[in-house]
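Results of the structural survey
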Amino acid sequence: MRVSHEWLGEMVDLEGVEPARAAELLTLSGTEVEKVTAYGVGLDQVVVGEVIGLRRVEGSHHLFLAHVATPGQEPREVICGADNLFVGALVPWARPGTSLPIGVEIGRKRLRGIWSEGMLCAPDELGLGSEHDGVLILSPHDAEAGMPLDRVYPPDHVYELEVLSNRADCLSHWGVARELSALLSRPLRDPDVSRPARSASGPTVRVTVDSSADCPVYLAEILTGIGNTPAPAFIRRRLAAIGQRSLGGIVDLANYVMFEVGQPLHTFDLNRLSPPEKELAVGVRRGRQGESIACLDGVTRELDPETLVVTAGDAPQAVAGLIGGEASAVGADTGEVLLEAANFNWARLRSTSRRLRLRTEASSRFERQLSPHLARAGADRFIHLAVRHLGATLGPGAEGGAPLAPAAAIRCAPRRISSILGMQLSSEAVANPLRRLQFEVREAGPEMLVTPSPYRTDVTTAVDLAEEVGRIIGYQEVPGTLPPIHQAPPLEALAEPVARLASAACRAAGFSEALSLSLVSREREELAPRLIGDLAHLELANPLSAQLGSLRQGLLQGLLLSAHHNQARGQDRVRLFEQGAVFWARGQERPEEPWMVALLDLADDSPEDGVSRLRHLMALIASLSRVGGGGAVEFRPVTWRALHRTRAAEVWAGAELRGIVGEVAQPVADAFDVRGRVEVAELRLDGWLKPGGLPGHAAPLPRTPALVLDLSVAVPTRALLGPALQAVSALGLPWLELVMPIDEYLGDQLGPGLKGWTLRLRLRHPERTLTTAEGDAARQAVLRVLELEVGAKAR
Amino acid sequence: MTPVDLQELTAMALEEIARADSLERLDEVRLRYLGRRDGLVTLAGQRLRELAPEERASFGQEFNRASGQLRSALEARQRQLAAGEEEQREDGEWVDMSHPFRGPGQGHSHPVAGLIREIEDIFAFLGYQSVAGPELEDDQHNFQLLNMPPEHPARDSHDTFYLSPPAYGWLYRTHTSPVQMRAMLASPPPLRIIVPGKVARRDNPDPTHTPVFHQVEGLCVDRGVTLGDLKGTLEYAIRALFGRERRVRLRASFFPYTEPSLEADVACAVCQGSGCRTCLQKGWIEILGSGMVHPAVLRNGGVDPESHSGFAFGMGPDRIAVLRYGLSDLRDLYENDLRLLECF
Ligand SMILES: [Zn+2]
């Protein structure tokens, strides 16, 4: 919303208050000033001239030669490109030597053989808004030739405000003036709402409101003898300053009052309200199915029982609080009006506004819970101005709705305010800022009774009062402290969170951390390898696009997209990991949100390299599990959708499947437009890793020497080492400390269908040196197991 | 053989030692003069007993001196030659040590994830525990218990993604605040938690919006917690994040779940407060929203607002990362371009 500094100055003394200072005070107290723009500053050099002659410049289609006069001076010739000039027009004339506020120096210029004596200006050239449709034509009501333009447009500043959604009271100059009055501690001058006595003659009006919940207050006032002549200059100037066009005296006045006191008004042409009866019956009721109304904006809108309408003789005349009807609109010939000053239910207006996809200045005020008390002030202010400036006579009026409850007093102890804010405030220090806000403060023993301004619907409790005191005093006055710790954090807080442990492990292993949106394209994710098997995706009911239409079930499609992104930008070696929640549907129940980590290792390399990268990935998984308290892991070869037929394994820890690891199948890599072999893993961490428990068990290091034996065997080419080693461990050989593979031979010297393993056995007796015979016995035992398990032969 | 002969022999030997140009040659010299059986100096020593007793003493002395001198000369020369040979070998193994090798070093942090860890660390110092909550929520926890009934105007800024079918009632949380509620309902005060996590709002991606982004929520509930405590806590955290010298200001605001409500701004680093494009000419950049937990929200969380009070705050690490690292487009944070990640 825009407000004018000059306009505000009528309601609160801003003498000596720079716009930047006022803007800062407003911003810090909650009404953020986004921008301050000078309006009509530096117009003292521009003069009002009268066009006394006008002709086309010979040989030009769009240039005119105007004779411009000021009293007591020879008329001068000015060339102008605008086509809205006419003889008798009063125009802003920047004579040679003038510098315009937008930074342009005006000189004498020769155009098509004619000397042009300066320039006739459009509004934007004068810093009066952004309009550039033609020369600014001044009304003879406001200006006369020879007058400096700053008499018509005194210097002003316009504030662009971002009003908080609970502060409907600030959507007006009066409201902002109330704030400044409190912030600056200067008295508030309320707008003049005095009005004459009613004339008893003429038509009368009756108001029927079906539900006071829908419409707490409806004031109808008849004004006769009103002339739809232009509103006074100060009103049009102020409306122009805040970017409002002039739409005729009556509508301008209604707009002016809305921007001044904050109450939306509607004016009906009394004689166009049907049926024209002696007593006009105005009603506020719900719309009916099948009803419609042709609105002021030329659109016909369907009504329904959810929509509030204003009726005359039961015929809809306006969508309440939103937009008036075309049939009863005020026109140039209007001489009698019915003024509406009402308040409508904010929630109903919000939903109507949303359904009709229409938002107006009026509706945006009502839907923020405008105070119903404003209606009276709005009506009276309009009446005051209309009587004074448009020659109106006040006729009969009527009211509908429920009697307005006065603002309720809030009981609160100054001590409570102090303890919320963390400041030691005396009763006086609490009462003062509240009184400055036009709140009534009464002492009641150790407590006080505070009645907020009736225009403030947002202040209802003691904490609301604390906020008012705090923001008017200024939060810079509150001393910063730290809350004392009364109780130590729970011991679980000391454990390193799983997410941090996993992130550190992956980074240490050379993988960089990625983050993706959790919204995916279902089609694309279905291509990618996932730990979860076939499960329908959770879909958004209102997605932005199909690309972001589903919730992710895994993390690998995101990493594959990132791999493609990097490769397309010349990064051939991509190692990324991502952690985060994924979403698994469970019918009507709360969806499951497993916490996952996925890793991706891509190099555009030879096939052998794929294997070593895959093995490094598996080593990382095993160590992550060990360090994270997840125990030993076992890799079980498997065929898995979207992974290489023979390069995929499930990751088991204990009796639980925790993840998958493998090489992405070539067609899948192709589908993601990724070149080279892509090694990936996806693991579910929650329920598996439990870092930070009490220390595990360790033992003193042995002092006796180890007996190290190597055992070379020939096995079938597809023999699996994992189960073979498990079988050896299961044997429970005494003193066997370690068995590990140290070599794999894949050449053909062993004969067709065979490969070679060399295993290293390390045996150790805790008290003595083992003998060669004991070593041989162990070697034989291992060999026997390998024979049984995988058909191994010694070599 | 006289002591004089011995001296000559020694001089010859020293010269040969000096001339030997390999360990092999040097060994030959050693054998010639000090060989156990027929070394020239060894043989000279064996003549000792042929001498008259009065000559023996001086000759013996001379012999010991000569053989000692030779031995140390041999040793020195050997050390010298050995070092030379090692040098040669290493010369043959030359590598270009200026090569800017980019091998598998440590991986890099994501700027947002790194920032979240930093924020967790700062608050861990103040006694806050990092907790998580579900990303899919119901209307109750995301809105109603936080004082945002249906049609509440504050819902306008929370354009929500609903899950299909809407009848099941799930939505993607629009803020991390529902975790406040869950934490209060789960355990009695005192509570000090920090909640990092993903949230979503229905904004089309552009340089300042992504439909999914991160928030870090904080909550402190205890006896006698004041707005001054909130201010002190925020000032500490903001200075820790943006530097001791950075100016901070608190501005009154409105959130349905806090009262009083405050927003915190830091001075724009680009223009130092004079106004520029980054700060939309304001000179300040908004970085977090906060306030004293609304009594109704405390009550909804099972906390008695008569005996306890609390404050809450929420910040956007994505936005803070963009500001802190001088990036220009929030969407870049979710491309995972290694050229960006490798900066962290
Ligand atoms: Zn700036």
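This write-up is about the structure you can find in this document. Bear in mind that the values here come from a model prediction, so they are computed numbers and not experimental data.

Cut-off values and rules
Throughout this description, residue numbers start from 1 for each chain and increase along the sequence as written. Chains carry letters and ligands carry numbers; both start at the beginning, A for chains and 1 for ligands, and go up in the order they are written. A pLDDT threshold of at least 70 governs which residues receive local features in this predicted model, and a stricter bar of 80 or more applies before side-chain atom pairs are shown or counted, although totals over entire chains, interfaces and linings include all residues. Only hydrogens and water are set aside when side-chain values are computed; all heavy atoms of the structure are taken into account. Strands are runs of DSSP state E lasting at least two residues, helices are runs of H or I lasting at least four, and both sets are numbered from the N terminus onward. Radius of gyration here uses only the C-alpha atoms, and the compact-globule reference equals 2.2 Å multiplied by the residue count raised to the power 0.38. Partly exposed residues are those whose accessible area sits between 20% and 50% of the maximum for their type, while under 20% is buried and over 50% is exposed, using a 1.4 Å probe and protein chains only. Working rule for contacts: check all heavy atoms of both residues, and any pair within 4.5 Å makes them a contact. Reported accessibility uses the Shrake-Rupley method at a 1.4 Å probe radius. Residues are deemed covered only where the shown protein chains occlude them. The charge count treats Lys and Arg as positive and Asp and Glu as negative. His and the chain ends do not count. Think of each charge as sitting on NZ of Lys, CZ of Arg, CG of Asp or CD of Glu. Every case where a carboxyl oxygen of Asp or Glu lies within 4 Å of a side-chain nitrogen of Lys or Arg is listed as a salt bridge. A helix is expected to span 1.5 Å multiplied by its residue count minus one. Take the accessible area each of two parts loses on contact, using a 1.4 Å probe, and add the two losses: that sum is the buried area. The definition of a polar contact used here is a pair of N or O atoms within 3.5 Å, where within protein one atom must be able to donate a hydrogen and the other to accept one, and adjacent residues in sequence count solely through side-chain atom pairs. The rule for donors is simple: an N, O or S atom within 2.8 Å of the metal counts, and for Na, K and Ca the reach is 3.2 Å. Water is not among the atoms, so a site may look short of donors. Square planar and octahedral sites, with four and six donors, are those where opposite donors lie more than 155 degrees apart and all other angles lie between 65 and 115, tetrahedral sites have four donors with every angle between 85 and 135 degrees, and the rest are irregular. For two strands to be treated as a pair, DSSP must find at least two bridges joining them. What the arc covers is the set of directions going from the helix axis to the C-beta atoms.

Turning our eyes to something else, we now look at the overall build of chain B. Tallying secondary structure elements over chain B gives 11 helices and 10 strands in all. In terms of overall size, chain B is more extended than a compact globule, its C-alpha atoms giving a radius of gyration of 41 Å where 344 residues would be expected to give roughly 20 Å. Dimensions of chain B, computed from the C-alpha atoms along their principal axes, are close to 125 × 50 × 45 Å. Taken over 344 residues, chain B has a buried fraction of 53%. Contacts in chain B between residues at least 24 apart in sequence constitute 66% of all its contacts with a sequence separation of at least 6. Total accessible area on chain B stands at roughly 16,500 Å², and carbon and sulfur atoms take up 50% of it. Between the averaged position of the 38 positive side-chain charges in chain B and that of its 50 negative side-chain charges there is a distance of 2 Å.

Further remarks concern the pattern of salt bridges. Here the structure, examined in full by the defined rule, presents 86 salt bridges over all chains. For Arg251(B), the salt bridge goes to Glu286(B), with nearest N and O atoms at 3.9 Å. Here Arg251(B), found in strand S7 (residues 248-255), pairs with Glu286(B), found in strand S9 (residues 284-293); they are 35 residues apart in sequence, far enough to count as distant. Looking at Glu286(B), the relative accessible area reads 37%, which means it is partly exposed. Members of the salt-bridge network, linked through shared partners, are Glu32(A), Glu34(A), Arg249(B), Arg251(B), Glu263(B), Asp265(B), Lys282(B) and Glu286(B).

Bringing helix H6 (residues 249-261) of chain A into the picture now. Residue and element names in this part refer to chain A. In this model H6 runs 18 Å from its N-terminal to its C-terminal C-alpha over 13 residues, within 8% of the 18 Å that 1.5 Å per residue would give. Taken across its 13 residues, H6 has 12 buried, putting it largely inside the fold. Among the residues of H6, Gly249, Ile250, Asp252, Leu253, Ala254, Asn255, Tyr256, Val257, Met258, Phe259, Glu260 and Val261 are the ones counted as buried. A positive backbone phi angle near 95 degrees is found at glycine 262, which sits one or two residues after H6.

As a further point, take the interface of chain B and chain A. Listed as interface residues are 79 residues of chain B and, on the opposing side, 84 residues of chain A. Together, the buried faces of chain B and chain A total about 7,000 Å²; carbon and sulfur atoms form 55% of this surface. Our enumeration of links across chain B and chain A arrives at 7 salt bridges. In this structure, the connection of chain B to chain A is made through 40 residue pairs in polar contact (both at pLDDT 80 or more).

Now for the coordination of the zinc ion. Residue and element names in this part refer to chain B. For the zinc ion, the full set of protein donor atoms is Cys268 (SG), Cys271 (SG), Cys276 (SG) and Cys279 (SG), and the range of their distances to it is 2.2 to 2.4 Å. For the zinc ion, the 4 donor atoms in the first shell make angles of 105 to 114 degrees at the metal, a pattern classed as tetrahedral. Counting the intervening residues between successive donors of the zinc ion yields the motif C-x2-C-x4-C-x2-C.

Another aspect to go through is the pairing of strand S17 (residues 308-312) of chain A. Residues and elements named next belong to chain A. Buried residues dominate S17, accounting for 5 of its 5 residues. Burial along S17 is two-sided: Leu308, Val310 and Ala312 facing one way and Val309 and Thr311 facing the other are all buried. By the bridge criterion, 5 bridges tie strand S14 (residues 279-286) to S17 in an arrangement that is antiparallel. By the bridge assignment, glycine 283 is partnered in S17 with threonine 311. Of the pairings in the sheet, the one linking S17 to strand S18 (residues 315-319) comprises 4 bridges and is antiparallel in character. Bridged to valine 309 within S18 is valine 319. In textbook terms, the turn of a hairpin is the stretch between consecutive antiparallel strands, and for S17 and S18 this stretch comprises 2 residues, one of which, glycine 313, has a positive phi near 55 degrees.

We now examine helix H11 (residues 427-436) of chain A. All names here are of chain A. Of all the positions in H11, only Val430, Ala431, Pro433 and Leu434 are classed as buried. The buried residues of H11 occupy an angular sector of 165 degrees when the element is viewed end-on, so they sit on one face. Buried-residue contacts for H11 involve helix H10 (414-421), strand S23 (440-444), strand S24 (447-451) and helix H12 (462-473). Just beyond H11, the residue with positive phi is glutamine 438, at close to 70 degrees.

It is worth spelling out unusual backbone geometry at this point. Note the cis peptide between Ser164(B) and Pro165(B), where omega equals -5 degrees. With respect to the helices and strands, Pro165(B) occurs in the loop between strand S3 (163-164) and strand S4 (170-172). For the bond running from Pro189(B) to Pro190(B), omega is 5 degrees, close enough to zero to count as cis. Here Pro190(B) is to be found in the loop between helix H7 (178-186) and strand S5 (191-200). One non-glycine residue with positive phi stands out, namely Gln369(A), at about 65 degrees. With respect to the element layout, Gln369(A) can be found in the loop between helix H8 (361-366) and helix H9 (374-389). For Gln369(A), a relative accessible area of 36% corresponds to the partly exposed category. Even without being glycine, Gln272(B) reaches a positive phi, approximately 55 degrees. If you trace the backbone, Gln272(B) turns up in the loop between strand S8 (258-267) and S9. Taking the relative accessible area as the measure of exposure, Gln272(B) reaches 58% and is therefore exposed.

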